[in-house]
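Residue-level structure breakdown
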Amino acid sequence: MPELPEVESLTHFLRERAVGRTVLGVDVVAIQALKTFDPPVTALGGLTITAVARHGKFLDLDCDGLHLVIHLARAGWLRWRDDLSGAKPVRPGKSPLAVRVRLAPDEEGLAPGFELTEAGTQKRLAVYVTKNPDEVPGIAALGPDPLDESFTVEALKRIVGGNRIQIKGLLRDQKIVAGIGNAYSDEVLHAAKMSPFKIAATLTDAQIADLHEAIVTTLQEAVERAHGLAAKDLKAEKKSGLRVHNRAGQPCDVCGDTIREVSFADSSLQYCPTCQTGGKPLADRRLSRLLK
Ligand SMILES: [Zn+2]
């Protein structure tokens, strides 16, 4: 799933390639991906892309004041195409292609564009056409962005204070902090040497400062690694940069202990017992509930 660093990189990527270009048309192949009906998606035709922004994990293309907002969800991706002039129309249900954005041809006659694809059977990729991106429900509810200047240690202290939820859940909640998902929350907690099950409100001031440092550093490093990469190379870069996420059974590159996995909410999380939980493996609550 693309999280803040990947979406940030896609934002840069599209800024360089798409800004200044005119939208020829937007083809919605997977009809359930389109979450708005007014203005219609056809209204984007003929407009020029003037800016590209990121809100949490949302991409926002400003087309002369009308916005095409994209949320790639868990299995969605963006694929840049240098020339779509020969691309055939796609029938729904036959391919992972959800949306195709065609741009006007340049002087060389190439008509570039990009495609949004979504793998798997659970279709969650979402696009919105709106005059005001703040009206997209997921954007309206976003918590502070960890790369924003306003995300200080004090700001994190206010977020954490009194919050009786586990720190792993807090980091993943877009309403609390924007842009962090399952992968980078594992990475942040490993960098902060903190148990994912720790209750947020129990963190000391020093631990909050450590957590803040881990959040900002982990995301900034991932953004820097991804910077300048083509959209197609981002997935591999994300995977190779992860230290614990999806690496259960492999050695921790900090201490050499074996990275473990435990179920959490609708998926699972990975962590290093030596670095994060005093050497003790976390109990799998889902499993122990079943055994009772
Ligand atoms: Zn370790």
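Before any of the text, the structure's been laid out above.
Residues numbered from 1 in each chain as written. Predicted model: local features only at pLDDT ≥ 70, side-chain atom pairs only at ≥ 80, totals over all residues. Heavy atoms only, no water.

**A short note on the coordination of the zinc ion**
Using the following cut-off: Metal-coordinating donors are taken as N, O and S atoms lying within 2.8 Å of the metal, or within 3.2 Å when the metal is Na, K or Ca; because water is left out, some sites can appear incomplete. All geometry calls rest on donor angles, where a four-donor set with angles between 85 and 135 degrees is tetrahedral, four- and six-donor sets with opposite donors more than 155 degrees apart and all others between 65 and 115 are square planar and octahedral, and all else is irregular. We count a stretch as a helix when DSSP gives it H or I for four or more residues in a row; a strand needs E for two or more, and each element gets its number in order from the N terminus. Buried means the residue's accessible area, taken with a 1.4 Å probe over protein chains only, is under 20% of the maximum for its type, while exposed means over 50%, and partly exposed covers the values in between.
Here the zinc ion is held by the protein donor atoms Cys 252 (SG), Cys 255 (SG), Cys 272 (SG) and Cys 275 (SG), which lie 2.2 to 2.3 Å from it. Coordination at the zinc ion is tetrahedral: its 4 donor atoms span angles of 96 to 114° at the metal. Sequence spacing of the donors to the zinc ion: C-x2-C-x16-C-x2-C. Taken as a pair, Cys 252 in the loop between α7 (234–241) and β9 (260–264) and Cys 275 in helix α8 (residues 273–276) lie far apart in primary sequence, 23 residues in all. We classify Cys 252 as buried; its relative accessible area is 4%.

**Observations regarding the pairing of strand β8 (residues 126–130)**
Successive side chains on a regular strand alternate, one facing one side of the sheet and the next facing the other. What counts is decided by this rule: Two strands pair under a simple rule: DSSP has to find at least two bridges between them.
By the criterion of burial, β8 is predominantly enclosed, with 5 of the 5 residues buried. Burial along β8 is two-sided: Ala 126, Tyr 128 and Thr 130 and Val 127 and Val 129, pointing in opposite directions, are all buried. Bridge analysis of strand β4 (residues 66–71) against β8 gives 5 bridges, and the strand direction is antiparallel. If you follow Leu 68 over to β8, its bridge partner there is Val 129.

**Observations regarding the sheet that holds β8**
Here is the rule: Each axis is a line fitted through C-alpha atoms, and for a helix only the stretch in contact is used; angles between axes span 0 to 180 degrees, taken between their N-to-C directions. Throughout, a residue-residue contact means that at least one pair of heavy atoms, one from each residue, lies within 4.5 Å.
One open sheet holds the 4 strands; their spatial order is β2-β3-β4-β8, and the pairing between them is antiparallel. Sheet topology places β2 (49–55) and β8 at the edges, where each strand pairs with a single neighbour. Neighbour-to-neighbour, the strand axes of this sheet turn through a mean angle of 15°, independent of strand direction. Seen against the sheet, helix α1 (residues 4–18) touches β2 and β3 (58–63) and runs at an angle of roughly 175° to β2.

**Details of the nonpolar core**
To keep things clear, this is the line we draw: Throughout, nonpolar core names a set of buried Ala, Val, Leu, Ile, Met, Phe, Trp, Tyr and Cys residues whose side chains join them through atoms within 4.5 Å.
Residues Leu 14, Leu 44, Leu 61, Ile 70, Phe 114 and Leu 116 are the most contacted members of the largest nonpolar core, which totals 36 residues. Setting aside residues up to four positions removed in sequence, Phe 114 forms contacts with Leu 14, Leu 61, Ile 70, Leu 78, Arg 79, Trp 80, Arg 81, Leu 84, Val 99, Arg 100 and Val 101. Listed in part, the 28 residues of the second largest apolar core include Ile 159, Ile 167, Ala 192 and Val 223.

**Some details on the packing of aromatic side chains**
For any pair of aromatic rings, the description rests on two quantities: the centre-to-centre distance and the angle between the ring planes. Worth spelling out the cut-off: Pairing of aromatic rings covers Phe, Tyr and the six-membered ring of Trp, with a centre-to-centre limit of 6.5 Å; geometry is then stacked below 30 degrees between planes, edge-to-face above 60, and tilted otherwise.
What the rule picks out here adds up to 3 aromatic pairs. Ring centres 6.1 Å apart and planes at 80° place the aromatic pair Phe 13 and Trp 80 in the edge-to-face group. With a gap of 67 residues between them, Phe 13 in helix α1 and Trp 80 in strand β5 (residues 76–81) connect regions that are remote in the sequence. As far as burial versus exposure is concerned, Phe 13 and Trp 80 are alike and both buried. Arranged with centres 6.2 Å apart and planes meeting at 25°, the rings of Phe 197 and Phe 264 form a pair that is stacked. Note that Phe 197 is positioned in the loop between α5 (182–191) and α6 (205–226) and Phe 264 in strand β9, a separation of 67 residues in sequence. Across this residue pair, the class does not change: Phe 197 and Phe 264 are buried.

**Details of the packing of α1 against α6**
Definition in use: If an angle is under 35 degrees, it is roughly parallel; if it is over 145, roughly antiparallel; if it lies from 65 to 115, roughly perpendicular; otherwise it is oblique. Left-handed describes a crossing whose near helix is turned anticlockwise from the far helix through less than a right angle; right-handed describes the clockwise counterpart. Only Asp, Glu, Lys and Arg are considered charged in this grouping, and only Ala, Val, Leu, Ile, Met, Phe, Trp, Tyr, Cys and Pro are considered nonpolar; every other residue, Gly among them, is considered polar.
Across the interface, α1 lies against α6 with an axial gap of 8 Å and an inter-helix angle of 40°. By the angle class used here, α1 and α6 are oblique. In the crossing of α1 with α6, the sense of the turn from one axis to the other is right-handed. Here α1 contributes Leu 4, Pro 5, Glu 8 and Ser 9 to the contact with α6, which in turn contributes Leu 219, Ala 222, Val 223 and Ala 226. Its residues placed into classes, the contact of α1 with α6 shows 6 nonpolar, 1 polar and 1 charged.

**Observations regarding α6**
Threshold: Expected span of a helix, by definition, is 1.5 Å for each gap between consecutive residues, and there is one gap fewer than residues.
With 22 residues, α6 extends 32 Å between its outermost C-alpha atoms, agreeing within 8% with the 32 Å of an ideal straight helix rising 1.5 Å per residue. Among the residues of α6, Ile 208, Leu 211, His 212, Ala 214, Ile 215, Val 216, Thr 218, Leu 219, Ala 222, Val 223 and Ala 226 are the ones counted as buried. Buried positions along α6 lie against α1, α3 (153–160), α4 (167–172), α5 and α7. At the exit of α6 stands Gly 228, carrying a positive phi of roughly 85°.

**Considerations on the side chain of Glu 3**
Within the secondary structure, Glu 3 is located in the segment before α1. For Glu 3, a relative accessible area of 1% corresponds to the buried category. In this structure, Glu 3 is in contact with Lys 57, Gly 179, Ile 180, Gly 181, Asn 182, Ala 183, Tyr 184 and Lys 238, ignoring residues within four places of it in sequence.

**Details of the environment of Asp 253**
Relative to the elements of secondary structure, Asp 253 occurs in the loop between α7 and β9. Residue Asp 253 is classed as partly exposed on the basis of its relative accessible area, which comes to 49%. Each C-alpha atom of the pair Asp 253 and Thr 130 lies 45 Å from the other, and the pair is 123 residues apart in sequence.

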